[in-house]
Amino acid sequence: MNIRVSSGTPSSLDAGALVVPVFDDGKLDGATEVADKELSGAIADVLSSGEIKGKTGEVSLIHAKDLKVKRVLIVGLGDRKKFEPQMLAKTAGTAVRYLGKRGLRSIAFALPIEAQHHVREAVSFIVEGAIAGTIDSTTYRSEQDKPILLETLTLVTSAGTHSYEQKALEEGVERGRILGEAVNVARLMALTPANDMTPTHMAARAEELAKEFGLGFDALDEDRMRELGMGSLLGVSRGSDEPAKLIVLTYEGDPGNSEKIALVGKGLTFDSGGISLKPADNMHEMKYDMSGGAGVIAALSAIARLKPKINVIGLVPSSENLPGPRAMKPGDVLRAMNGKTIEVINTDAEGRLILADALCYARKLGATRIIDCATLTGAMVVALGHAASGAISNDDAFVKDFLAVANRSGERYWHLPLYDEYTTAVKSEIADLRNSTGRPAGSLTAAAFLQSFVDKVPWIHLDIAGTAYVDESSSMAKGPTGTPVRALVAYVEELARSRAKGGNGAATPAGTATTAR
Ligand code: BES
Ligand code: MN
Ligand code: ZN
């Protein structure tokens, strides 16, 4: 996709359509005001007719046969006072899908005046959202949906009343492109059905990306896992003929510095539940159970391109969970890499089992902070629905810094507690831990289970079960959303920035709840 910046107006812009955002207060300013004048008041007419009010997600197409731009698409941005730059990603996605499905290949997008103080961010979000909007989920059909072929995206800074800094615009375009492509890398991996996205395929895709963008790559096979004592990950893999992999991607942005952040993602390429078999309803969606892993791989690919000054490792334990003849059974006891024994109460609580060994391995590789992300519990969907992911941590300062950045990335995270009661709940009568407890606080007992494997390292667990894929969206194709790529990349960038400044916030080694490391 060709991305350029212009200060043209509808009478001079070379594009199939110009997208102009409007707020729901009916006030026209900046590029919208200019467009309205050139359209002889057509935008004001649409708003005053009540056809649309400017609410978030509303669209209305105006044909302008006398102008160079033949179409103007008005898109609602909602309440002006609640505007935040990340909203522009969804707005751009909605516009690209609306126009792209109608065959337009060249789209211009006017920056709202509200974005002028955050040009870099605004541009990054627009480009990211536009790129995410182009992906289609019908690649396995003989006759695919009409593809969205966006060839040119023009960012219009033509408000006329204010100037934009060229460098900020360019940086925003570059970052948005990298992020949008990474989001799509994760989504395309997740969209690929489990027969074409086995642990072996996942590792191969990670290796491809590592070669393309210059990351270190390793994939542990089951023999190496056995040598390392990863009985928990191997326990899950037993029921399947597809061998498990532990994928490791390495980015060295600050060689010689011993600080290293580990991103760990659940890469369960298909979760049938195992012997504790899931009901058939919606079981097919469990091909998405590798979304956390795909997110980590994609985030590392973006980090390799953005080059923040910080060391990052990505770890993806990848396996199937099937009820084969050698499958682990309820009642079995597994031994993880750190020697802890786990009573398997429910073979469907497999995510925490594969993550357990990956978290141990992250520490072995020298991680000084860990963020894991996983479609871990159905209880998360009950708690927060599809509106936000849960964030659970052993370190208050760390999670506070993370939330501040992640909630401005276009994704949403909500902090949930890690009380001692949850730790008590995951104790077993006959082993150190049990992998499943009763129904209460299912997402938090899962987090308490994981905590046993991070030891004292500052750690955040992200449960993305409700946000990794969606049924309905105007800004993106149905299916995988790319969560948590945006938040992981934004946090890593911010961590590198604040450390370079030697400032506080994300710069301080996390450590309020935990002291020793
Ligand atoms: N992958 C599922 C969680 C999940 C459920 C993600 C629905 C997305 C949508 C996970 O492996 C699982 O099965 N969890 C169990 C845990 C229980 C057995 C303790 C669950 O949530 O039911
Ligand atoms: Mn499961
Ligand atoms: Zn699962």
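These numbers were taken from a predicted model, which means no experiment stands behind them.

**Section: the site of ligand 1**
Working step 1: Ligand 1 sits among 17 residues. The nearest are Asp271, Lys278, Asp348, Glu350 and Gly378.
Working step 2: In this structure, Asp348 approaches ligand 1 through a side-chain N or O atom, which is 2.8 Å from an oxygen atom.
Working step 3: One of the backbone N or O atoms of Thr375 is found 3.3 Å from a nitrogen atom in ligand 1.
Working step 4: Calculation on ligand 1 without its partners gives an accessible area of 510 Å², and the protein chains cover 78% of this total.
Working step 5: Class assignment for the residues of the shell around ligand 1 results in five nonpolar, five polar and seven charged.

**What about the domain arrangement of the protein?**
Working step 1: For the protein, the assigned domains are domain 1 (2–182) and domain 2 (202–226 + 246–269 + 289–320 + 363–500).
Working step 2: Relative to domain 2, the C-alpha centre of domain 1 lies at a distance of 32 Å.
Working step 3: Facing the 16 residues of domain 1 at the interface are 19 residues of domain 2.
Working step 4: The contact between domain 1 and domain 2 buries some 1500 Å² in all, and 55% of this surface belongs to carbon and sulfur atoms.
Working step 5: It is Arg175, Ile178 and Ala182 in domain 1 that bury the most area against domain 2; as a group they hold 33% of the surface buried on that side.

**Quick notes on the coordination of the zinc ion (ligand 3)**
Working step 1: The protein atoms that coordinate the zinc ion (ligand 3) are Lys266 (NZ), Asp271 (OD), Asp289 (OD) and Glu350 (OE), at distances of 2.0 to 2.4 Å.
Working step 2: Spacing between the donor residues of the zinc ion (ligand 3) along the chain follows K-x4-D-x17-D-x60-E.
Working step 3: Taken as an interatomic distance, the gap from the zinc ion (ligand 3) to the manganese ion (ligand 2) is 3.2 Å; Asp271 donates to each of them. Taken together, the residues span a long stretch of sequence, with Asp271 in strand S10 (residues 267–271) and Asp289 in the loop between S10 and helix H9 (291–306) at a distance of 18 residues. Each member of the pair, Asp271 together with Asp289, is buried.

**Remarks on the coordination of the manganese ion (ligand 2)**
Around a metal, the perfect tetrahedron of four donors has angles of 109.5 degrees, and the perfect octahedron of six donors has angles of 90 or 180 degrees.
Working step 1: On the protein side, the manganese ion (ligand 2) has Asp271 (OD), Asp348 (O), Asp348 (OD) and Glu350 (OE) as donor atoms, found 2.0 to 2.2 Å from it.
Working step 2: Coordination at the manganese ion (ligand 2) comes from six donor atoms whose angles at the metal span 70 to 166 degrees, giving a geometry best classed as irregular.
Working step 3: One chain supplies every donor for the manganese ion (ligand 2), spaced along it as D-x76-D-x1-E.

Calculation notes
Residues numbered from 1 in each chain as written. Chains lettered and ligands numbered in written order. Predicted model: local features only at pLDDT ≥ 70, side-chain atom pairs only at ≥ 80, totals over all residues. Heavy atoms only, no water. Near = heavy atom within 4 Å. Polar contact = N/O pair within 3.5 Å; in protein donor to acceptor, adjacent residues only side chain to side chain. Areas by Shrake-Rupley, 256 points an atom, 1.4 Å probe, with all protein chains shown as cover. Nonpolar A, V, L, I, M, F, W, Y, C, P; charged D, E, K, R; others polar. Domains from an automatic or database assignment. Contact = heavy atoms within 4.5 Å. Buried area = accessible area lost by both parts, 1.4 Å probe. Donors = N, O, S within 2.8 Å, 3.2 Å for Na, K, Ca; no water. Helix = DSSP H or I, 4+ residues; strand = E, 2+ residues; numbered from the N terminus. Buried < 20%, exposed > 50% of the residue type's maximum accessible area, 1.4 Å probe, protein only. Tetrahedral: all angles 85-135°; square planar, octahedral: opposite > 155°, others 65-115°.

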